[in-house]
Structure formats: C-alpha cells, structure tokens
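This is what each chain is made of:
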Amino acid sequence: MTTHLSRRQFLHGAAAAGTMLALVDVLDAAEPAAADLPLVDYHVHRDNTTVEKLLEISARRGVKFGIVEHAGTRENEYPIILSNDDELKSYLASLEGKPVYRGVQAEWIDWMSCFSKDMIAQLDYVLTDAMTIHGTDGRRVKMWTPQFEPGEPQRFMDRYVAWHEEIIATEPIDILANVCFLPSGLAPQHDELWTAPRAQKVIDAAVKHNVAIEINSQYKLPRPAFLRLAKEAGAKFSFGSNIRGPNVGMLDYCLEMAKELGLTQSDLFTPAPPGKKPIQLRG
C-alpha cells in the first residue's frame, strides 16, 4: 500500500521546531508598519492542539484566527476530513461563540457534493488551493509529495495555470491559498516558470470571480512581482500563515509584502455577510 504524505506531515517539521516560550513574536516589530491593517490569519489548522491553546496564541499576537478544517470526500487522506452535513455542523458548533472565523479548506473539485448549500453558507469562508492536480492518468495527485513528477516544466506550467483558472471559475470559494507553489524539483526555476503572462491569467480569474489571493507566510508566496501585478489589477488579498504548532499566526512575510505594496484595509479580504456568500451567489 502506498503511503501518502499529507500537508500536515509535510509541514510538521517546521511547526515542531522550538518551543512557545522561546518564540520572539515578529509582529511586535512588524505591526507598526501595518498599523491600519486588520491582523487576521485565515489559514490556521487545529491539528494536534486545542482551540483554547490557539486562542492563547491569537491573543498574545494580537492576530485574529480563521480556523479551517479539511473538507471533501473520504478519498482525501487526512486525519480529519469533514465529509457530510452532520460533520460540518459539529465542526461549526465546536467553534460557536469563539472569537475566530470558521472556515474550511476545500479538497479537490468534488467537495461541494458532500454538503448542502445551506450548510456551506454557514461558514465564514471557504479556502482552497491548486496543490492537488490531475495526474497524467487523470487521477488526483499531490504536488507536495516526493512521488510527484511534473514532467516537462513548460508543459506542466501551462497545465497548472489552467488548473488555477478552472478552480477559481468553477468553485464557490473565497480565498485561493498557497498561490504559486511549485513542486520541489521546479522551485529553483520559480521566476522563470511563473512568467508575467501566466501570473496575469491567475490574477484575472481571481479578480473576475472575486476570489482573494492569499499571501502565505509559510512558503513566502506569492513573490513580490506576482503581488504587484495583482495589486494593479485590483485583487483582494488575505493573510495566511499555514503554519502548525507554536508558530501559528506568524504573519511577518504577509506584513512585509503589505508594506511593500502599500496595501490598505480596502485591499484585504473580509468574510461576506449572509446572503452574499460565494455558495449563494455562484453555487
């Protein structure tokens, strides 16, 4: 049986390093540069911790958390995967009354089949990414695993950009996360492969469908050139650490990019009110 590496396992090494008491909170230095920006980390996973512990970190950092749980069919291999209305209802209830936003990280392109529209509309937001992609045989494959083979780089990139466009255009999502991620074998060619025309296609799709582009402090992506194009196009942005363990909520790269781009509160994503959710407008 093939063992699949989950995002959690992939990121666990970085998240486990250090202890909470040894942390230096970089937000103390970065916050004055973004004093007018709401500090929200929309990409927080509960994983092997408690909501109470996350709330302690949130309060200490002065960063509001948006907690996401993986959602989709059982074919998506995660320790926890919400796959029906009852599970989503229980998840929402577990965060009821907490000072957090309640979201999901939607998996693959069939996640909507698991839930009713009314239940999805109770979420504050839906986040997804393009890191699970069609393999050459048509089956879903995980780009962050060592087994992934992208093939010829330029052909892969054309397919990958089209995949971003498809996800943005067809799924009722609020945030596109982990934007511009590349498998490890192609990461050294990032600037060569993420050309301006390719970036513009993803950006144009995001603007057209009102999908926010995540600035991700785990991967330090997207890079400034992509973000400048997105800012010029009028895209909305969200901040996301996607970091596990005591470093959750570290938004240093997000705030660095916000300062460099001159972002204001109007450039940032905020959850849509009831009746205006993507699932209600586009679903």
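Our subject is the structure listed above.
Residues numbered from 1 in each chain as written. Predicted model: local features only at pLDDT ≥ 70, side-chain atom pairs only at ≥ 80, totals over all residues. Heavy atoms only, no water.

**Student:** Help me understand the overall build of the protein chain in this model?
**Tutor:** Scanning the protein chain from terminus to terminus reveals eleven helices and nine strands. Each of the 283 residues in the protein chain was classed as buried or not, and the buried ones make up 52%. Partitioning the intrachain contacts of the protein chain with sequence separation of at least 6 by distance along the chain shows that 75% fall at a separation of at least 24. Counting only carbon and sulfur atoms, one obtains 53% of the accessible surface of the protein chain, whose full area is about 12,700 Å². (Helix = DSSP H or I, 4+ residues; strand = E, 2+ residues; numbered from the N terminus. Buried < 20%, exposed > 50% of the residue type's maximum accessible area, 1.4 Å probe, protein only. Contact = heavy atoms within 4.5 Å. Areas by Shrake-Rupley, 256 points an atom, 1.4 Å probe, with all protein chains shown as cover.)

**Student:** What am I meant to see in the pairing of strand β3 (residues 101–106) here?
**Tutor:** Along a regular strand, successive side chains alternate from one face of the sheet to the other. Taken across its six residues, β3 has five buried, putting it largely inside the fold. Taken together, strand β2 (residues 64–71), helix α4 (residues 85–94) and β3 form a β-α-β motif whose crossover is right-handed. With three bridges connecting them, β3 and strand β4 (residues 125–128) associate as parallel partners. Residue pairing in the sheet places Gly103 in a bridge with Tyr125 of β4. (Right-handed = clockwise from strand over helix to strand, strands pointing away. Pairing = 2+ DSSP bridges.)

**Student:** I tried to follow the packing of helix α6 (residues 153–170) against helix α8 (residues 196–208) on my own but got confused; where do I start?
**Tutor:** The angle between the axes and the distance between the axes are what describe a pair of packed helices. For the pair α6 and α8, interaxial distance at closest approach is 9 Å and the crossing angle is 5°. Relative to α8, the element α6 is oriented roughly parallel. Contacts from Gln154, Met157, Asp158, Val161, His164, Glu165 and Ile168 of α6 reach α8 at Arg198, Lys201, Val202, Ala205 and Ala206. Of the residues that constitute the contact of α6 with α8, the class distribution is six nonpolar, two polar and four charged. (Axes fitted to C-alpha atoms, helices over the stretch in contact; angles between N-to-C directions. Parallel < 35°, antiparallel > 145°, perpendicular 65-115°, else oblique. Nonpolar A, V, L, I, M, F, W, Y, C, P; charged D, E, K, R; others polar.)

**Student:** In this structure, what is going on with the packing of aromatic side chains? I would like to understand it.
**Tutor:** Two numbers describe a pair of aromatic rings. These are the distance of the centres and the angle of the planes. As enumerated under the stated definition, the model contains ten aromatic pairs in all. Centroid distance Phe148 to Phe156: 5.9 Å. Interplanar angle 65°. Geometry classified as edge-to-face. Pair check on accessibility: Phe148 and Phe156 agree, each one buried. Directly above the ring of Tyr101 sits Lys64, whose terminal nitrogen or CZ lies 3.9 Å from the centroid. (Phe/Tyr/Trp six-rings, centres within 6.5 Å; stacked < 30°, edge-to-face > 60°. Lys NZ or Arg CZ within 6 Å of the ring centre and 35° of its normal.)

Keep in mind that these numbers describe shape and distance, not what the molecule does.
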